[in-house]
Amino acid sequence: MRLKRVKIFGFKTFADRTEFNMDGGLIAVVGPNGCGKSNLVDAILWGLGEGNARSLRASNSQDVIFSGSSRRKPVGFAEVNLLFDNEDGSLPIHTNEVSITRRLTRSGESEYSINKQSCRLRDIFELLADSGLGRSGYAIVGQKDIDNALAASPEERRAWVDEAAGVQRYRARKVESLRRMQSAQQHLSRVTDILSELETQREPLREEAEVAKKYKTALNSLREVEAGMLINEVAKAVREVEQLEKKISDASKVAQSELSRADDLDLEVRRIGEKVSEIEREMDSVRGLQQGSLTAMERSTADERLAQQRLESLDDLEKSLGDEVGKGQERVQELESEIVALEAEEKAELDTLDKVRIEFAGAGDEAKELQQKLQALEKSLLKARDDLTSRLRSEAHAAQQKERAGLAKRELKGIIESLPDLESAVAEAKAAFDEQNDCIRTLQDRVNAVEASLTGARVQDEQDAQSSRRLLAEKAALEGRRRGIEATIETHEGLNQGSRAVLEAAERHLLQGTYVPVGEAVEVDKDFALAIETALGGSANDLIVDHDSDAKAAIRYLKEHRLGRATFQPIPLMRPFESSFELRKLLGEKGVVGQANQLVECEHRVRPVIDSLLGRVLIVEDLDTSLRLAKTTGWSRMVTLDGEVVHHSGAVTGGHSNRQAYGLVQRKADLVEIEREIDKIDRLVSDSESRSKKRQSERQKQLDEIEGLKGQIAGSQEEVDEARSYWQTLNEELQASVKAKGRLEHELEQLGHGPKIDHPEVDVAALETQRDDLIRQLASRSADAETAEARLREAEFRISQAQLRLYTARRRLEATQDAEQNRDKRLAHLEPERVKAREEILKSKANREAAEISKKEADQRLQLAQDSKSALLEKSLQKLEDAKASRANAASVGDGVHQAELNRARAEARR
């Protein structure tokens, strides 16, 4: 066996991980003083289990851990690993290499391992025994070891010899065996003493053993009978539990199925509601199409009637124009013949005038000049007469336009006057429609709100049901605990043998009088139960009696039947309790809860006993408070809420026990707490049931309200449709009036820019006067001035008359020709207008038929939608009724489940 490798970390000066390989023959570590040569040897020695810090040149075990320097931080642990070659099997381990590791932390925790397996230091010593590396090993020798060897005693030298000879391990085992044998011998001596002591007690114990055997035999028989009864009862309870569990399972499945069915029905109701909403939207669109079709029908009928009237008026106009065609042509021929005759007459008159003028041309140059002036004046007179005729025509046209403008103004005035009323009527119709529509929307919003409330109520019902089931399960568990605690109290579990025997004898009327355990006589809050239990201690088993004779009789009974011992508290023998001044003074100290007797409740008759037991006991919050007040006077014990006790003598009791006391006081406190929790659960369940019943009533009211609201919506929908139709009709009439108003305003604007009279005013009479003056002048120059004047005037008059008649005839001819042309044009346009009117009639008929078909389709779609809506509403109401019935069934099944759970809890408690 040889050392192959050394790994060091954190040991003394080895701050970094350092590894030394020793595979060569002889290895020497050479260096100046203080370089750490000895630390390597100390590390190997420490790794082999050296426990003496002075042997390692350290004051304590933590000094071997590197404590840091100016450049390096300290490390948290020291570790040394030694690897040995074990190919020759020197060490009793079946491996070729053996690794020994030691590790020490700054907290003082030390770990050892062999081949990375945790072990004890003793295991390392046993492993290295007889190898020269053990406790008495000689493999590592220091300077002082040489001095010690020279001055060693024979015993020490023998140890080295034993180590070298390989018998040290066996010598250590021998010492250990001798030590164990000596310890066994001492135990055997104590057993012998105990046997000798028991030998003196054997005869009395034998008699007691005989009695105990009989008691045990009777008790075993009783237990067998009770066990049989209990087995029977347990089997019965098990069967009952199984039946109840099956019933609960089946009922839960049924309830879950009913609830699932109710949820499915609610989902179907919501889907039906969505379908109803879609149908209502479709009905609104169909009503719009229906109203549009009705409007199109009315418009088509009106267009058809108007086209028919136009066609009739065209027929009448054609008839009247046809009657006038022949008369117009005859009139044209007559006027043409008349014009030819008048032209001939004018020419003859002109010739006559020329003859007269030639005949009287002897008047000289002045007459010629006057003649020229007269001719020019005649031309001006003719032009003036033409201008006068054009002006008269323009004035007639202007008068006609003025008359049309007056008619248009009156019509426009009527429209303007009727527009406010019509707009007011449209606004009123729109307001009425909006009011009706808002009413329906309000009703629908109310329906949605009530349905949302129903959904919330259903969710709340489910939550309350889950909470009730959870509370009932907690109640069943609490009732089980309560029955268990009541059973332990009734059986007086926890009392000592003597007290239990007295109580059992009193219950069997073997003893007269009343015996009440102190622990059962008091009631205390759960927060103080442990402290009061600790304060009472063994006195909790004491029995309170009304008379000292009852205590005497019970003690005699215990002696006669050898049933143990018991302590009695006769009420008459209790001394009056008076609280001292020092005790009352301590009650005001911080951390003091109060006097123990004041923190419990009991009957007035047993108060002297409780005051006697607890009157000088203080209850404090914690141990610090009790230790702080330990040097005060006036008390016998101070008990903390956690059960620590400070005695007046100065002794302190505390800690934790695996068998923590759980006496009558704590049982009663837990029982009161459990009953309070059960009452609380009962109130919560009752409140939940009352809320559920209240919501059930409100749910029925809400369902009735939904039915009433949907009925109101159905009744108001027709009024809304009528209001919409009336509003649309008035709106169309208003739009038509606005268009007519615009058209009339445009026409008035055009009439305002009518034809202007461009022909100036001409004084025909003045021109005629000038002409007459020239004629007189011309006549006065002739010899026969008067005759010439008369003849010229007569000739000119005849000429003017002839010209006037010719002009009039021409004008009549032109008017007649224009009338004939207009008549022809009108007759030519009659047929296209008639064709257009017929086309409009056919188009109107087609539009009306299409509108009628669309209206019929809309009526059919509306009727189908209404039927579908009614069916869906009936289906929804039926689903709601089914859901209601399912929930009622689930509730009744839940009640049955609840009752079965209670019965199961009772059966479980019995089991």
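The structure under discussion appears in the preceding block.
Since this is a predicted model, take the numbers as computed values, not measurements. (Residues numbered from 1 in each chain as written. Predicted model: local features only at pLDDT ≥ 70, side-chain atom pairs only at ≥ 80, totals over all residues. Heavy atoms only, no water.)

Trainee: I would appreciate a short explanation of the side chain of Asn-81 in the present structure.
Mentor: Tracing the backbone through its elements, the reader meets Asn-81 in strand E3 (residues 77-85). A distance of 2.8 Å separates a polar atom in the side chain of Asn-81 from a polar atom in the side chain of Ser-99. With near-sequence residues (within four places) excluded, Asn-81 lies in contact with Arg-5, Val-6, Lys-7, Ser-99, Ile-100 and Thr-101. (Helix = DSSP H or I, 4+ residues; strand = E, 2+ residues; numbered from the N terminus. Polar contact = N/O pair within 3.5 Å; in protein donor to acceptor, adjacent residues only side chain to side chain. Contact = heavy atoms within 4.5 Å.)

Trainee: Looking at this model, I keep getting lost on the pattern of salt bridges. Mind explaining?
Mentor: Where side chains of opposite charge bring their charged atoms close, a pairing between them can arise. Here the structure, examined in full by the defined rule, presents 17 salt bridges. The residue Lys-4 makes a salt bridge to Glu-97 at a minimum N-O spacing of 2.6 Å. Of this pair, Lys-4 sits in strand E1 (residues 2-9) while Glu-97 is found in strand E4 (residues 97-105), placing the two residues 93 residues apart along the sequence. You can call Lys-4 buried: its relative accessible area is 17%. A residue is classified by how much of its surface remains accessible, and Glu-97, at 38% relative accessible area, is partly exposed. Through salt bridges that share partners, Arg-17, Glu-79 and Arg-103 make up one connected network. (Salt bridge = Lys/Arg side-chain N within 4 Å of Asp/Glu carboxyl O. Buried < 20%, exposed > 50% of the residue type's maximum accessible area, 1.4 Å probe, protein only.)

Trainee: For this particular structure, what's the right way to read a negative patch on the surface?
Mentor: On the surface, a cluster of negative charge is made up of Glu-621, Asp-622, Asp-624 and Asp-642. Relative to the helices and strands, Asp-624 resides in helix H13 (residues 623-628). (Patch = residues over 30% accessible without salt bridge, like charges linked within 9 Å, V, L, I, M, F, W, Y side chains within 5 Å. Areas by Shrake-Rupley, 256 points an atom, 1.4 Å probe, with all protein chains shown as cover. Lys, Arg positive; Asp, Glu negative; His and termini not counted. Charge placed at Lys NZ, Arg CZ, Asp CG, Glu CD.)

Trainee: Would you take a moment to explain the side chain of Ser-499 for this structure?
Mentor: Relative to the elements of secondary structure, Ser-499 occurs in helix H7 (residues 497-507). Residue classification places Ser-499 among the buried positions, given a relative accessible area of 0%. At a separation of 2.9 Å, a polar atom in the side chain of Ser-499 contacts the main-chain carbonyl oxygen of Asn-541. When sequence neighbours within four positions are dropped, the list of residues in contact with Ser-499 reads Asn-541, Leu-543, Arg-565 and Ala-566.

Trainee: Quick question: what am I supposed to make of the pairing of strand E14 (residues 637-640) here?
Mentor: Inspection of the sheet shows strand E13 (residues 617-620) paired to E14 by four bridges, in the parallel sense. The residue bridging Val-620 from the neighbouring strand is Thr-640, located in E14. Pairing geometry for E14 and strand E15 (residues 645-647), over three bridges, is antiparallel. The residue of E15 that forms the bridge with Met-638 is Val-646. (Pairing = 2+ DSSP bridges.)

Trainee: Whenever I open this one, a positive patch on the surface confuses me. Can you help?
Mentor: Among the surface-exposed residues, Arg-270, Arg-271, Lys-275 and Lys-875 lie close enough to one another that they form a single positively charged patch. At three residues, helix H5 (residues 168-359) tops the list of elements feeding residues into the positive patch. For Lys-275, the location among the structural elements is in helix H5.

Trainee: Hey, could you run me through the environment of Leu-614 in this one?
Mentor: With respect to the helices and strands, Leu-614 occurs in helix H12 (residues 607-614). Contacts of Leu-614, omitting those with residues within four sequence positions, involve Ile-532, Ala-535, Leu-536, Ala-596, Asn-597 and Val-600.

Trainee: Looking at this structure, how should I read the pairing of E3?
Mentor: Side-chain positions along a regular strand alternate between the two faces of the sheet. For E3, a buried count of nine out of nine residues is recorded, marking the element as mostly surrounded by other parts of the structure. Burial of the side chains of E3 extends over both faces: Phe-77, Glu-79, Asn-81, Leu-83 and Asp-85 are buried on one face and Ala-78, Val-80, Leu-82 and Phe-84 on the other. Judged from the seven bridges that link them, E1 and E3 form a sheet pairing that is antiparallel. Across the sheet, residue Arg-5 finds its bridge partner in E3, namely Leu-83. Sheet topology note: the E3/E4 ladder contains nine bridges and is antiparallel. Paired with Ala-78 across the strands is Leu-104, a residue of E4.

Trainee: What am I meant to see in the layout of surface pockets here?
Mentor: Where empty space is left can be seen by rolling a probe of water-molecule size over the atoms. Estimates place the volume of the second largest pocket at around 1,100 Å³. Looking at the second largest pocket, it is lined by 36 residues, and the ones nearest its centre are Asp-461, Ala-465, Ser-692, Ala-890 and Ala-891. Those elements that place two or more of their residues in the lining of the second largest pocket are H5, helix H6 (365-490), helix H14 (664-752) and helix H16 (785-910). Among the elements that take part in the lining of the second largest pocket, H16 stands out by supplying 11 residues, more than any other. Considered class by class, the residues forming the lining of the second largest pocket number 10 nonpolar, 10 polar and 16 charged. (1 Å grid on protein atoms, 1.4 Å probe; cavity = no way out; pocket = protein on both sides within 12 Å on 5 of 7 lines; lining within 4 Å. Points joined across faces, edges and corners; volume = space filled by probe spheres on them. Nonpolar A, V, L, I, M, F, W, Y, C, P; charged D, E, K, R; others polar.)

Trainee: Help me understand a nonpolar patch on the surface, please; the structure alone is not making it clear to me.
Mentor: Where nonpolar side chains cluster on the molecular surface, the patch consists of Leu-188, Val-191, Ile-194, Leu-195, Leu-198 and Leu-205 and spans about 530 Å² of accessible area. Assignment of secondary structure puts Leu-198 in helix H5. Overall, the relative accessible area of 41% leaves Leu-198 in the partly exposed class.

Trainee: Before we go on, may I ask you to explain empty space enclosed by the protein in this structure?
Mentor: For the structure shown, the criterion picks out two cavities of 30 Å³ or more. The space that makes up the largest cavity amounts to roughly 100 Å³. Lining the largest cavity are Asp-266, Leu-454, Arg-458, Gln-696, Arg-699, Leu-703, Leu-880, Ala-883, Lys-884 and Arg-887. When contributions to the lining of the largest cavity are tallied by element, the ones reaching two or more residues are H6, H14 and H16. Top contributing element to the lining of the largest cavity by residue count: H16, with four residues. The residue inventory of the lining of the largest cavity, partitioned by class, reads four nonpolar, one polar and five charged. By volume, the second largest cavity amounts to about 30 Å³. Along its surface, the second largest cavity is lined by Val-269, Ile-272, Gly-273, Val-276, Glu-451, Lys-710, Leu-873 and Ser-876. At the level of secondary structure, the elements contributing two or more residues to the lining of the second largest cavity comprise H5 and H16. When residues in the lining of the second largest cavity are grouped by element, the largest group, four residues, is from H5.

Trainee: Quick question: what am I supposed to make of the environment of Ser-876 here?
Mentor: Tracing the backbone through its elements, the reader meets Ser-876 in helix H16. Separated by 611 residues in sequence, Ser-876 and Leu-265 have C-alpha atoms that sit 8.9 Å apart. If near-sequence neighbours (up to four positions away) are discounted, Ser-876 is found in contact with Val-269, Ile-272 and Lys-710.

Trainee: Would you explain unusual backbone geometry in this entry?
Mentor: A negative phi holds for most residues other than glycine; trans holds for most peptide bonds. Despite not being glycine, His-509 shows a phi value in the positive range, around 65°. In this fold, His-509 is placed in the loop between H7 and strand E7 (515-517). The exposed category is assigned to His-509, whose relative accessible area is 64%. A positive phi angle, close to 50°, is found at Arg-562, a residue other than glycine.

Trainee: I tried to follow the sheet that holds E4 on my own but got confused; where do I start?
Mentor: Strand pairing within a sheet occurs via backbone hydrogen bonds; the two strands may be parallel or antiparallel. The strand order E2-E1-E3-E4-E5-E6 describes an open sheet built from six strands, whose pairing is antiparallel. Looking at which strands have only one partner, the edges of the open sheet turn out to be strand E2 (18-21) and strand E6 (117-119). Direction aside, the axes of adjacent strands within the sheet are offset by 20° on average. With five bridges joining them, E4 and strand E5 (residues 110-114) adopt antiparallel strand pairing. When the bridges of E5 are listed, Arg-102 appears paired with Tyr-112. Relative to E3, helix H1 (residues 37-47) is tilted by about 80°, and along the sheet it contacts E1, E2, E3 and E4. Lying over the sheet, helix H2 (residues 121-128) contacts E4, E5 and E6, oriented at roughly 40° with respect to E5. (Axes fitted to C-alpha atoms, helices over the stretch in contact; angles between N-to-C directions.)

Trainee: Could you clarify how one ought to interpret the packing of aromatic side chains in this entry?
Mentor: What describes a pair of aromatic rings is the distance from one ring centre to the other and the angle between the planes of the rings. Summed over all chains, the structure comprises four aromatic pairs. Ring geometry for Phe-9 versus Phe-77: centroids 5.3 Å apart, planes at 55°, classification tilted. Here the residue Phe-9 occupies a position in strand E1, and Phe-77 occupies one in strand E3, the gap between them amounting to 68 residues. Since its relative accessible area comes to 15%, Phe-9 is described here as buried. Classification of Phe-77 by relative accessible area gives buried; the value is 17%. Note on Phe-11 and Trp-46: the rings are 5.3 Å apart at their centroids and 35° apart in plane angle, and the pair reads as tilted. Highlighted residues: Phe-11 in the loop between E1 and E2 and Trp-46 in helix H1, separated in sequence by 35 residues. Judged on exposure class, the residue Phe-11 and its partner Trp-46 are both buried. Sitting above the plane of the Phe-9 ring, Arg-17 keeps its charged end 4.4 Å from the centroid. Over the ring of Phe-77 we find Arg-103; its NZ or CZ atom is 3.7 Å from the centre of that ring. (Phe/Tyr/Trp six-rings, centres within 6.5 Å; stacked < 30°, edge-to-face > 60°. Lys NZ or Arg CZ within 6 Å of the ring centre and 35° of its normal.)

Shape is all these values report; function is a separate question.
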